[in-house]
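Structural overview for review
Single-letter residue listing:
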Amino acid sequence: MTEQRDFVGEMTDRELEEHFDFEGGHIRLLLRHKPDATWFHKKALAILNYALTGILTTDNFSWDKTDWDWDTGVKFVVAPYWGGLSSYDFAELTRLVFAAHEYGIRVQILPYSQKSLAISMHKRDRGTEPCKRHPTLDQSIGDWKGRLSPGIYEYVRQCFELTK
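Residues numbered from 1 in each chain as written. Predicted model: local features only at pLDDT ≥ 70, side-chain atom pairs only at ≥ 80, totals over all residues. Heavy atoms only, no water.

1. Some points on the overall build of the protein chain
Within the protein chain one finds 5 helices and 4 strands. Its helices and strands taken in sequence order, the protein chain reads α-α-α-β-β-α-β-β-α from the N to the C terminus. When each of the 164 residues of the protein chain is scored for burial, the buried share is 38%. Contacts in the protein chain between residues far apart in sequence, at least 24 positions, make up 52% of those at least 6 positions apart. Taken as a whole, the protein chain presents about 10,300 Å² of accessible surface, with 54% of it coming from carbon and sulfur. (Helix = DSSP H or I, 4+ residues; strand = E, 2+ residues; numbered from the N terminus. Buried < 20%, exposed > 50% of the residue type's maximum accessible area, 1.4 Å probe, protein only. Contact = heavy atoms within 4.5 Å. Areas by Shrake-Rupley, 256 points an atom, 1.4 Å probe, with all protein chains shown as cover.)

In structure tokens, the structure reads:
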């Protein structure tokens, strides 16, 4: 297993924007709405914009409803394209989950209204303390293959046996 570093935290604003931003200018947009933005705010916003493919420059994102001090993190309100997030095709959900694991951000999707979702993000570290740590993508895939997925396969097999 390779040691992962939090290279986003080591980037300049320009490098962060070039790394994540398809539409250009999300750091400038952020600073216009929140001049005192922290690195966590910038990273969370970059991940959201990456996962939802440039959502910050559309009507599907609400700067006014963003809670920058939600619990110990930040909460964004979005109206995803096509009404939801998917694991394939447009893959917004996959990009959101993969980026969360890559950069040690806990992501939670919450209902907000009939047409909107709230996406909260909390900074985590790579330590071992429960409720403060976040595994890398490689660690999560190892967990899934090692102990989680065999149980799912057995459960699905039993469900199909019951329907025969």
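2. Let's talk about the pattern of salt bridges
Tallying each qualifying case throughout the model produces 2 salt bridges. With a closest N to O distance of 2.9 Å, K34 and D36 form a salt bridge. (Salt bridge = Lys/Arg side-chain N within 4 Å of Asp/Glu carboxyl O.)

3. A look at the packing of aromatic side chains
Under the criterion given, the structure shown has 4 aromatic pairs. Taken together, a centroid distance of 4.9 Å and an interplanar angle of 85° make the contact between F61 and W63 edge-to-face. The pair F61 / W63 is uniform in exposure class, with both members buried. Summarising the aromatic geometry, the rings of W68 and F76 are spaced 5.9 Å apart at their centres and angled 90° between planes, so their arrangement reads as edge-to-face. Across the pair, F76 and W68 agree in class, each one buried. A cation over a ring is seen here: K42 above W39, with NZ or CZ 5.2 Å from the ring centre. (Phe/Tyr/Trp six-rings, centres within 6.5 Å; stacked < 30°, edge-to-face > 60°. Lys NZ or Arg CZ within 6 Å of the ring centre and 35° of its normal.)

4. Structural notes on the environment of Q108
Summarising the element assignment, Q108 is placed in strand 3 (residues 105-111). Each C-alpha atom, one on Q108 and one on K75, is 9.2 Å from the other, the two residues being 33 residues apart in sequence. Dropping the residues within four chain positions of it, Q108 is found in contact with W70, A118, I119 and S120. Engagement of the side chain of Q108 in a polar contact is seen with the side chain of R106, the distance being 3.4 Å. (Polar contact = N/O pair within 3.5 Å; in protein donor to acceptor, adjacent residues only side chain to side chain.)

5. Topic: the nonpolar core
With 24 residues, the main nonpolar core has L45, L48, F61, F76 and M121 as its most contacted residues. If you list the elements that add at least two residues to this core, you get helix 2 (26-33), helix 3 (39-51), strand 2 (73-78), helix 4 (92-103) and strand 4 (117-123). For this core, the leading source of residues is helix 3, giving 6 residues. If near-sequence neighbours (up to four positions away) are discounted, L48 is found in contact with I55, L56, F61, F76, V78, I119 and M121. (Core = buried A, V, L, I, M, F, W, Y, C linked by side-chain atoms within 4.5 Å.)

Functional significance is not addressed by these values, which are geometric in nature.
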